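# Tertiary structure, described
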Protein chains: 2
Amino acid sequence: MPPTAVNHPLICKLEHSAALSQVERSALEALTLSRRPVSARHDIAVHDNTDRVYLVMSGIAGRYKTLRQGNRRIVSFAVPGDLCRMHICGPSTRDMRLGALTHCTVVDIPRTRLTELIETHPGIAHVMRWLAMMELNRAREWLVNDSRPADRRLAHHFCELLVCLQVVGLANENSFELAISQADLADAMGISQVHINRVLQGLRAGDLIVWSKSALTIPDVERLQAFAEFDPGYLDLRPAKAA
Amino acid sequence: MPPTAVNHPLICKLEHSAALSQVERSALEALTLSRRPVSARHDIAVHDNTDRVYLVMSGIAGRYKTLRQGNRRIVSFAVPGDLCRMHICGPSTRDMRLGALTHCTVVDIPRTRLTELIETHPGIAHVMRWLAMMELNRAREWLVNDSRPADRRLAHHFCELLVCLQVVGLANENSFELAISQADLADAMGISQVHINRVLQGLRAGDLIVWSKSALTIPDVERLQAFAEFDPGYLDLRPAKAA
DNA sequence: CGATGGCTTGAGAACACTCAATTGCTGTGG
DNA sequence: CCACAGCAATTGAGTGTTCTCAAGCCATCG
């Protein structure tokens, strides 16, 4: 197999939906040559610039909005392979921001070039539709998750991260690197920093997770999934990559 | 102007994104001839049937999921003109349900016929992409909303409902019919029935809303929007319908 | 008249918040 | 090597929100 499919998180992820032709893979790869570092706690997207799409190549970013009261709500994580600001029209989402939670490497993609690719390559158009749908499923799953008690909610996030990082080869069977802060996690769950600390301690005490030195390990994945009521179906990933 | 555009909620809503040709309007209309009543508290969608899309013509429905613990979380409302179960692939969303909150009239649309329309009419394809994007924006806005205190959160839902119903001509400047129960509202907000009752009393006491006899009136729309921190930008509706 | 479904109220417990202080780690400059 | 600043994690204490359980009320409908 070509090394590009393995190393390139976007292609890696998209091919969990449907296989791409070699031409399509190359076209996508050509889009993502020039990379740019973004340090933690800095915004990736220029606020009112809507003619660019951003691809995360490494690190973890977050789509978020800051409320008048001052608290920030992260509405989704963007891990390597995730395209951001795809779905924008007019001045609509001008107050939804995109920031790096850890140090990130990103690619700026002109929206027009991506549109061209979609119009000329049916395979790319197909996987992009799949992407939009999966993002919607994911957002609604986060809403459902918001109704769960905090400990199960947090567990659910960990389960989702595990699967999403496995897709791009950044997690093994039961662990992955997670360098974000507790404050970021709190903002993603909609609870306070003090409280997430105590919830984390609860999960640790129950041997559901081990999180030290930026490495998160899940001793018993099935047990954590059962605890979180996690069912990966909504991510709609094919069981395995059939080269 | 033709009466169909005024009376048909789906066309009415889609034309807030971009104008459709007369041929496209007729094609959509032809899809939605046979209507079916669904009484309150009954599911609209057959659980594991994924080859149909549902269009709400009257009443209010909700997309929801029931958690193990027994509580139900509504992740979005479907008002007249809303297409449901558009975005499904594989067995993914098998546990996300679609139920009528009030008495509803719905149209069952074979997914294949809608796909045909999208493939043959570029205008329809365009507005469908807009629709998917708006649903994602909306879901993320609900997530942000979940971080607000309960009274502001409820106010935000009312503001959104007002705009969405105005789009299809089911709300006037500051009021609309709202026949759903407090329990439904509670499930949409992720709080208990007892609590929503008290939050409602708070909004009523502050003269922010009047809700009696299934009619919701907002005495001062700007004041409620300010209270809820509501900005309709995420719905991406054009200011007015230009015939 | 009784049944039903929805709304309202009370009371105590559980959960999550804020404020504030402490600890530990890490990189930097002297 | 130490002092220091900055950031993240932790802990305590008191407060406020939201929950559950339970009962009562009020329409509507047969």
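Below or above, wherever it landed, is the structure these notes cover.

Definitions and cut-offs
Per chain, residues are indexed from 1 in the order of the written sequence. Lettering of chains starts at A and numbering of ligands starts at 1, both following the order in which they are written. Local features in this predicted model are restricted to residues of pLDDT 70 or higher, and side-chain atom pairs are both shown and tallied only at a pLDDT of 80 or more, whereas totals for entire chains, interfaces and linings draw on every residue. Excluded from the side-chain calculation are hydrogens and water; included are all heavy atoms of the structure. Cavities and pockets were defined on a 1 Å grid built from protein atoms only: a cavity is a group of points that admits a 1.4 Å probe but offers it no way out, a pocket is an open group of points flanked by protein on both sides within 12 Å along at least five of seven lines, and a lining residue is one with an atom within 4 Å of any such point. Grid points are joined across faces, edges and corners, and a volume is the space filled by probe spheres set on the points. Starting at the N terminus, helices and strands are each numbered in turn, a helix being any DSSP run of H or I of at least four residues and a strand any DSSP run of E of at least two. Under this grouping Gly is polar, as are all residues other than the nonpolar Ala, Val, Leu, Ile, Met, Phe, Trp, Tyr, Cys and Pro and the charged Asp, Glu, Lys and Arg. Whenever a carboxyl oxygen of Asp or Glu lies within 4 Å of a side-chain nitrogen of Lys or Arg, that contact is scored as a salt bridge. Categorising residues by exposure relies on relative accessible area from a 1.4 Å probe, with only protein chains included: less than 20% of the type maximum marks a residue as buried, more than 50% marks it as exposed, and the intermediate range marks it as partly exposed. Summary of the distance rule: residues count as near a molecule or strand when at least one heavy atom falls within 4 Å of that molecule or strand. In the analysis that follows, any N or O atom pair within 3.5 Å is treated as a polar contact, provided that within protein one partner can donate a hydrogen and the other can accept it, and provided that, for residues neighboring in sequence, both atoms belong to side chains. Here, a strand pair is defined by DSSP locating no fewer than two bridges between the strands. Contact criterion: two residues are considered in contact whenever any of their non-hydrogen atoms come within 4.5 Å of each other. Axes, fitted as lines to C-alpha atoms, cover a helix only where it is in contact. Angles between the N-to-C directions of the axes lie from 0 to 180 degrees. By convention, a stacked pair of Phe, Tyr or Trp rings (six-membered ring in the case of Trp) has centres within 6.5 Å and planes under 30 degrees apart, an edge-to-face pair has planes over 60 apart, and any other such pair is tilted. Geometrically, a lysine NZ or arginine CZ counts as sitting over a ring once it is within 6 Å of the ring centre and also within 35 degrees of the ring normal.

A few words now on the layout of surface pockets. By volume, the largest pocket is sized at about 1700 Å³. What lines the largest pocket is a set of 45 residues, and nearest its centre among them are Ala 125, Met 128, Arg 129 and Ala 132 of chain A together with Arg 129 of chain B. Broken down by secondary-structure element, the contributors of at least two residues to the lining of the largest pocket are α4 (111-120) and α5 (122-145) of chain A together with α4 (111-120) and α5 (122-145) of chain B. Its residues assigned to classes, the lining of the largest pocket shows 26 nonpolar, nine polar and ten charged.

Evaluated as defined, the whole model comprises 30 salt bridges over all chains. Across the pair Arg 153 of chain A and Asp 146 of chain A runs a salt bridge, and its minimum N-O distance is 4.0 Å. When salt bridges with common partners are traced through the structure, they connect Lys 13, Asp 82, Glu 135, Arg 138 and Glu 160 of chain A together with Arg 140 of chain B into a single cluster.

This part covers unusual backbone geometry. Residues and elements named next belong to chain B. Its identity as a non-glycine residue notwithstanding, Arg 41 has a phi of 65 degrees, on the positive side. Relative to the helices and strands, Arg 41 is located in the loop between β1 (35-38) and β2 (52-58). Exposure remark for Arg 41: the relative accessible area of 75% places this residue in the exposed category. The backbone of Lys 213 sits at a positive phi, close to 55 degrees, despite the residue not being glycine. Its location among the elements puts Lys 213 in the loop between β9 (210-212) and β10 (215-217).

Looking at DNA strand C, there are 15 residues lining it, with His 195 of chain A together with Gln 182, Asn 197, Arg 198 and Gln 201 of chain B nearest. Among the atoms of DNA strand C close to the protein, meaning within 4 Å, 69% are from sugar or phosphate groups. Between DNA strand C and Ser 192 of chain A, the relevant distance is 2.9 Å, taken from a phosphate oxygen to a main-chain nitrogen or oxygen of the residue. Side-chain polar atom of Gln 201 of chain B to a phosphate oxygen of DNA strand C: 2.7 Å apart, as the coordinates give it. Mapped by element, the contributors of at least two residues to the surface near DNA strand C are α8 (193-205) of chain A together with α8 (193-205) of chain B. Here the element with the most residues in the surface near DNA strand C is α8 of chain B; it accounts for five residues.

On to the protein's contact with DNA strand D. Residues in close proximity to DNA strand D total 15 residues, the closest being Gln 182, Asn 197, Arg 198 and Gln 201 of chain A together with His 195 of chain B. In DNA strand D, atoms within 4 Å of the protein come 68% from sugar and phosphate. Here Gln 182 of chain A contributes a side-chain N or O atom positioned 2.5 Å from a phosphate oxygen of DNA strand D. With respect to DNA strand D, the side chain of His 195 of chain B contributes an N or O atom lying 2.9 Å from a phosphate oxygen. Where the surface near DNA strand D is concerned, the elements lending two or more residues are α8 of chain A together with α8 of chain B. Tallying contributions element by element places α8 of chain A first for the surface near DNA strand D, with five residues.

With that settled, consider the sheet that holds strand β2 (residues 52-58) of chain A. Within a sheet, adjacent strands bond to each other through the backbone by hydrogen bonds, running parallel or antiparallel. Residues and elements named next belong to chain A. Strand order across the open sheet formed by four strands is β1-β7-β2-β5, with antiparallel pairing between neighbours. This sheet does not close on itself; its edge strands, each paired only once, are β1 (36-38) and β5 (83-84). Examined bridge by bridge, β1 and strand β7 (residues 104-110) share three bridges and lie antiparallel to one another. Residue pairing across strands places Pro 37 opposite Thr 105, the latter belonging to β7. Contacting β2 and β7, α4 crosses the sheet at an angle of about 70 degrees to β7.

Let us now look at the packing of aromatic side chains. If you walk through the whole model with that rule in mind, you get six aromatic pairs over all chains. Residues Phe 158 of chain B and Trp 211 of chain B carry aromatic rings whose centres are separated by 6.2 Å and whose planes lie at 70 degrees to one another, so their mutual orientation is edge-to-face. One end of the pair, Phe 158 of chain B, is in helix α6 (residues 150-167); the other, Trp 211 of chain B, is in strand β9, with 53 residues separating them in the sequence. For the pair Phe 158 of chain B and Trp 211 of chain B, a shared accessibility class is recorded, and that class is buried. Each ring, one from Phe 230 of chain B and one from Tyr 234 of chain B, has its centre 6.1 Å from the other, and the planes form 80 degrees; the classification is edge-to-face. Overall, Tyr 234 of chain B belongs to the buried group, its relative accessible area being 3%. In this structure, Arg 152 of chain A packs its charged tip against the face of Phe 227 of chain A, placed 4.6 Å from the ring centre. A cation over an aromatic ring shows up here: Arg 72 of chain B above the ring of Tyr 64 of chain B, its NZ or CZ 5.6 Å from the ring centre.

Moving on to the environment of Arg 73 of chain A. Locating Arg 73 of chain A in the fold gives a position in strand β4 (residues 72-78). Here Arg 73 of chain A falls in the buried class, since its relative accessible area comes to 1%. When neighbours within four sequence positions are excluded, Arg 73 of chain A is seen to be in contact with Arg 63, Tyr 64, Lys 65, Asp 146, Asp 187, Ala 188, Met 189 and Gly 190 of chain A together with Leu 143, Val 144, Asp 146 and Ser 147 of chain B. Within the local environment of Arg 73 of chain A, its side chain forms a polar contact with the side chain of Asp 146 of chain A, the two groups lying 3.1 Å apart.

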